Amino acid sequence: MQSTTGERISVTIKLHSVLRTLETTEPRSRVLLELAPGSTVATVVATLKIPEMDIVYVLNESVVESNALLHAGDTLALIPALEGGCCAQRGKTEVQPINTVLNIRRMS
Amino acid sequence: MLRVLRVNVSTDVISFDPVPKAWERVAGRALIARVLLDEVPPECDPCGPHNKLIFAPGVLVGQMVSSCDRLSIGGKSPLTGGVKESNCGGSTGLHIVWLGLKAILVEGSPAAGAALRLLCIGPDGAHFEECSDVLGLGVHETTQRLRSRFGTKVSIAMIGPAGEMRLRGAGIMHLDKDGNPGRISARGAMGVLMAAKGLKAVIIDPGKTRRPALADAPRHNAARKLYVKALAEHPQTSKIYPEYGTASIVDMCNGFGAIPTRNFSNGRFEHAEKINGDAFHDLMVGRGGEGDPTHACMAGCTIQCSNIYADVNGKQIVSPVEYETIGLVGSNLGISEPDMIAHLNYQMNDLGLDTIETGAALGVAAEAGLMEWGDGLRAMQLMEEVRKGTALGRVIGNGAKLAGEVLGVQRVPVVKGQAISAYDPRAIKGTGVTYATSPQGADHTAGLTLRMPVDHLKPEGQVAASRTAQIRMAGFDSLGACIFGAFGFNLAPTAIQDLVNGQHGWDVGADYLTELGKATIDLEREFNRRAGFTPADDRLPEWMTLEALAPNNTVFDVPAAEMDAIYNW
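Residues numbered from 1 in each chain as written. Chains lettered and ligands numbered in written order. Predicted model: local features only at pLDDT ≥ 70, side-chain atom pairs only at ≥ 80, totals over all residues. Heavy atoms only, no water.

Undergrad: Is there a simple way to explain the overall build of chain B in this structure?
TA: Check the secondary structure of chain B and you find 22 helices and 17 strands. Taken over C-alpha atoms, the radius of gyration comes to 22 Å for chain B, in line with the 25 Å a tight globule of 569 residues would show. Here the C-alpha coordinates of chain B stretch approximately 55 × 50 × 50 Å along the principal axes. Across the 569 residues in chain B, those meeting the buried criterion constitute 68%. Partitioning the contacts of chain B with sequence separation of at least 6, the portion at a separation of at least 24 is 70%. A total accessible area of about 17,300 Å² is found for chain B, and carbon and sulfur atoms account for 51% of it. Positive and negative charge centroids in chain B, built from 54 and 62 side chains respectively, lie 4 Å apart. (Helix = DSSP H or I, 4+ residues; strand = E, 2+ residues; numbered from the N terminus. Rg over C-alpha atoms; globule rule 2.2 N^0.38 Å. Buried < 20%, exposed > 50% of the residue type's maximum accessible area, 1.4 Å probe, protein only. Contact = heavy atoms within 4.5 Å. Areas by Shrake-Rupley, 256 points an atom, 1.4 Å probe, with all protein chains shown as cover. Lys, Arg positive; Asp, Glu negative; His and termini not counted. Charge placed at Lys NZ, Arg CZ, Asp CG, Glu CD.)

Listed below in structure tokens is the structure:
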């Protein structure tokens, strides 16, 4: 739960690729945010109104999830994810059994 | 009715044959594996008369559906000694289908000492022509001369000096839709196989031919609309890929600690922000002129992830610059200047070299003390050594494995003799499983797991992730579809079967992609088994299981027994 009491923390946000031009015409690669103690990566995403997209979060050079807690002096990079779509069926890591429609069968 | 063009370079007999029954419903990568099993002795010399150079457009090729006109080129690999499918964009595959060809098979061996020739294919047939004026020339000069000779409407698949010298880093270069020879069937030394068949280039003249008639046009057109609409709505294919291209992967892989740095000795590059997608984007936009971050490699592609990189005067250096080149030729060599990476990319293209294999070989050479890390000018000199055909140049041009053997370097990033791509398998372990087990040898395009829902640093779950990715990739390679099209197909899940059935009048079902992928891998593994491959070949280099990779300090530790069971479906 995010706390709203205590001294606010200062966090550097590094924005990459399309996030650099979010709500701005001039690309901005870094934003300094003052956040309430207890803020997480998700707080940053909400604060900056980042649209829904697949993002890799790198907090002080470690990849983290959106629930990672932020601390004063942290640097958080928001990197819009890219790859070839192999994982497009997220969460589904098995595939259906083969049949013989293709006129191909396994060799002995 | 599609036909198979058989070209025998021993006898110069050329024939247009009916498609064998067993080949009718396979194409692209799957057809290459099928042809190899049916017609190529698995233990043959890859450069001998029994091997075949196979051009096989994918199932969907020919209709200019976005990202779906890709060509598979294959044969028994002179680099790995196993099955090889090398995939490319450009216009070659499209024009092959327009000419009514299911595949081109180049068979036999030319007479000893015979000069390389051109194979010219058009609406009126096929024939050989001499090409003494382009022998020994780089790919760009060759392109200019051949386009002057044959016109600007033709497609050209050609080798450069590296292929002519039979260096195992050599691929086959193709023209993009603008006539620039920037597309390459890069992996697995297909350029060497082409040289072994006595060919400098294959000229594909589509003449007045156009898209083949559709079996069910309404069904095909409806599916195309759904698919293209989905591509236009997905943030990756509508915004990130078009504006930033694959160069944006630099930041991701650097974040994961998986970007190859100084011959795979580190997973994080301290100068990553100088060579990331933002840096390349801003240079291309800021310099103006011919530079353009948004460029299509294939006619009809709506994603346009390719780019044109220009110098300070706005003059094109090379097109495109891709992430894997940035990783292997940039961070892997400690080079942090985008212009230098672009110039090296151009030189490798001109030589007809795979940038992954050559970048890895240069990394090995640097570790051996032949260049300082970050010394791009020295890397350029080494490329000149390749062009001159010096002993040192040939060592590097033959790829990372041979370079390591000759130069006495133990840290050589290869599997089955082929260089590992720009995703260090100790920090993206699922992709490591792909490198290890794929019948193709180390190849990220055989199954990248970068965004799989799995902890990349732990061994658990990596085999399942790799299995899914490998099946999908083998399916896409056989469709002739770019994997980036997957974003559209996932939002329009019936599009693949409707496009296939609408184009060919077949009756494939919803699980077609999976079936195609699994069947393709089964065929490939069987060819490799008959060629003498065993589970011992399905391993990463041992040093990657012993030497921890900074900054995560992880080794590759996916159990071998799990990897050996990956294809037990």
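Undergrad: Hey, could you run me through the environment of Leu402(B) in this one?
TA: As for its placement among the helices and strands, Leu402(B) is situated in helix α15 (residues 400-407). Placed 323 residues apart in sequence, Leu402(B) and Leu79(B) show a C-alpha to C-alpha distance of 9.9 Å.

Undergrad: How should the sheet that holds strand β6 (residues 101-107) of chain B be read in this particular structure?
TA: For sheets, the rule is that strands pair by backbone hydrogen bonds, running either parallel or antiparallel. All names here are of chain B. Reading across from one edge, β2-β1-β6-β3-β4-β5 is the order of the six strands in this open sheet, with mixed pairing throughout. Each edge of the sheet is formed by a strand with only one pairing partner; in this case those strands are β2 (14-18) and β5 (83-88). Here the average twist between neighbouring strands, direction ignored, is 20°. (Pairing = 2+ DSSP bridges. Axes fitted to C-alpha atoms, helices over the stretch in contact; angles between N-to-C directions.)

Undergrad: Before we go on, may I ask you to explain empty space enclosed by the protein in this structure?
TA: One simple way to see leftover space: roll a probe sized like a water molecule over the atoms. This model, assessed by the stated rule, comprises one cavity of 30 Å³ or more. Taken as a whole, the largest cavity holds about 1,000 Å³ of empty space. (1 Å grid on protein atoms, 1.4 Å probe; cavity = no way out; pocket = protein on both sides within 12 Å on 5 of 7 lines; lining within 4 Å. Points joined across faces, edges and corners; volume = space filled by probe spheres on them.)

Undergrad: Just to check I follow, could you spell out the environment of Ala170(B) for this structure?
TA: Residue and element names in this part refer to chain B. Its place among the elements puts alanine 170 in the loop between α4 (161-164) and β10 (172-174). Using a relative accessible area of 0% as the deciding quantity, one classes alanine 170 as buried. In contact with alanine 170, not counting residues within four places along its chain, are Ala162, Gly163, Ala186, Ala189, Met190, Gly191, Val192, Gly352 and Leu353.

Undergrad: I'm lost on the state of the cysteines in this one. Help?
TA: Here is the idea: a disulfide is a covalent bond, and it sits between the sulfur atoms of two cysteines. Scanning the entire structure with this criterion turns up zero disulfides over all chains. For the unlinked cysteine Cys88(B), the closest cysteine sulfur is that of Cys297(B), found at 8.4 Å. (Disulfide = S-S within 2.5 Å.)

Undergrad: I tried to follow the side chain of Gln462(B) on my own but got confused; where do I start?
TA: Among the structural elements, Gln462(B) can be located in helix α17 (residues 462-479). Within the structure, Gln462(B) has its side chain in polar contact with the backbone oxygen of Lys458(B) (distance 2.6 Å). (Polar contact = N/O pair within 3.5 Å; in protein donor to acceptor, adjacent residues only side chain to side chain.)

Undergrad: Before we go on, may I ask you to explain the pairing of β6(B) in this structure?
TA: Side-chain direction in a regular strand flips from residue to residue, so the side chains alternate between the two faces of the sheet. Residues and elements named next belong to chain B. Counted residue by residue, β6 has seven buried out of seven residues, so it is predominantly covered. Two strands pair when backbone bridges link them, and strand β3 (residues 53-57) and β6 are joined in this way by three bridges, in the antiparallel orientation. Its bridge partner being in β6, isoleucine 54 is matched across the sheet by leucine 105.

Undergrad: Would you explain the layout of surface pockets in this entry?
TA: Each pocket or cavity is described by its volume, and for the largest pocket that value is around 600 Å³. Taken together, 21 residues form the lining of the largest pocket, with Met1(B), Leu2(B), Lys102(B), His504(B) and Trp506(B) sitting closest to its centre. Elements that contribute at least two residues to the lining of the largest pocket include exactly β6 and α19 (495-504) of chain B. The volume enclosed by the second largest pocket comes to roughly 470 Å³. What lines the second largest pocket is a set of 20 residues, and nearest its centre among them are Val63(A), Val64(A), Glu65(A), Phe256(B) and Arg451(B). If you list the elements that add at least two residues to the lining of the second largest pocket, you get β3 (55-59) and β4 (62-64) of chain A together with α8 (249-256) of chain B.

Undergrad: Help me understand the nonpolar core in this model?
TA: Among soluble globular proteins, nonpolar side chains are generally buried collectively. Met383(B), Leu450(B), Leu479(B), Phe489(B), Val500(B) and Tyr512(B) are the most contacted members of the largest nonpolar core, which totals 146 residues. Dropping the residues within four chain positions of it, Leu450(B) is found in contact with Leu82(A), Glu83(A), Ile249(B), Met252(B), Cys253(B), Phe256(B), Tyr423(B), Ile428(B), Thr431(B) and His456(B). Ranked by size, the runner-up nonpolar core spans 28 residues in total, among them Leu53(B), Phe128(B), Met194(B) and Ala195(B). (Core = buried A, V, L, I, M, F, W, Y, C linked by side-chain atoms within 4.5 Å.)

Undergrad: What should I look at first to understand unusual backbone geometry in this one?
TA: Generally, phi is negative for residues other than glycine and the peptide bonds are trans, each holding for most cases. Residues and elements named next belong to chain B. In this structure, proline 320 follows serine 319 across a cis peptide bond, with omega equal to -5°. Tracing the chain through its elements places proline 320 in the loop between β15 (316-318) and α10 (323-330). Put simply, alanine 550 and proline 551 share a cis peptide bond, and its omega is 5°. Turning to its location among the elements, proline 551 is positioned in the loop between α21 (543-546) and α22 (560-564). Even without being a glycine, aspartate 12 presents a positive backbone phi close to 60°.

Undergrad: Explain α19(B) to me, please; I cannot follow it from the model alone.
TA: Helical geometry note: an α-helix holds 3.6 residues per turn, so side chains three or four residues apart project in the same direction. Residues and elements named next belong to chain B. Within α19, nine of the 10 residues are buried, which leaves it mostly tucked inside the rest of the structure. Looking at α19, one finds that the buried residues are Ala495, Ile496, Gln497, Asp498, Leu499, Val500, Asn501, Gly502 and Gln503. Where α19 is buried, its residues contact α6 (217-233), α17, α18 (486-491) and α20 (512-531). Downstream of α19 by a residue or two, glycine 505 has a phi angle that is positive, lying close to 75°.

Undergrad: Before we go on, may I ask you to explain the environment of Gly408(B) in this structure?
TA: Residue and element names in this part refer to chain B. Mapped onto the secondary structure, glycine 408 falls in the loop between α15 and β16 (414-415). On the basis of relative accessibility, which here comes to 65%, the residue glycine 408 falls in the exposed class. C-alpha separation for the pair glycine 408 and glycine 255, spaced 153 residues apart in sequence, amounts to 32 Å.

Undergrad: Help me out: how do you make sense of the packing of helix α3 (residues 139-150) of chain B against helix α11 (residues 338-351) of chain B in this one?
TA: Two quantities define a packed helix pair, namely the angle between the helix axes and the distance between the axes. All names here are of chain B. Relative to each other, α3 and α11 sit at 55°, their axes nearing to 6 Å. Taken as axis vectors, α3 and α11 run oblique relative to one another. On α11, the residues touching Val139, His140 and Glu141 of α3 are Tyr346, Asn349 and Asp350. (Parallel < 35°, antiparallel > 145°, perpendicular 65-115°, else oblique.)

Undergrad: Honestly, the confidence of the model for chain A in this entry has me stumped. Any pointers?
TA: Parts of the prediction with low pLDDT should not have their coordinates interpreted in detail. Residue and element names in this part refer to chain A. Averaged over all residues, the pLDDT of chain A is 77; the fraction at 70 or higher stands at 70%. When pLDDT is averaged over each helix and strand of chain A, the minimum, 94, is found for β4 and the maximum, 97, for strand β1 (residues 9-15). Predicted confidence is poor over residues 85-108, with pLDDT under 50, and the contacts of this stretch with residues over four places away or in other chains come to 64 contacts. (pLDDT = per-residue confidence, 0-100.)

Undergrad: Please explain the confidence of the model for chain B as it appears in this structure.
TA: Counting all residues, the mean pLDDT for chain B is 97, and 100% of those residues have values of 70 or more. Of the two predicted TM-score estimates for the complex, the pTM is 0.95 and the ipTM is 0.89.

Undergrad: Would you mind showing me how to read the sheet that holds strand β5 (residues 75-80) of chain A here?
TA: Residues and elements named next belong to chain A. Read from one edge to the other, the open sheet built from five strands follows the order β2-β1-β5-β3-β4, with strand pairing classed as mixed. The open sheet has two free edges, formed respectively by β2 (30-35) and β4, since each of these has just one partner strand. Going from strand to strand, the sheet's axes swing by 30° on average, the running direction of each strand aside. Direction of pairing for β3 relative to β4: antiparallel, over a ladder of three bridges. Residue pairing across strands places valine 58 opposite valine 63, the latter belonging to β4.

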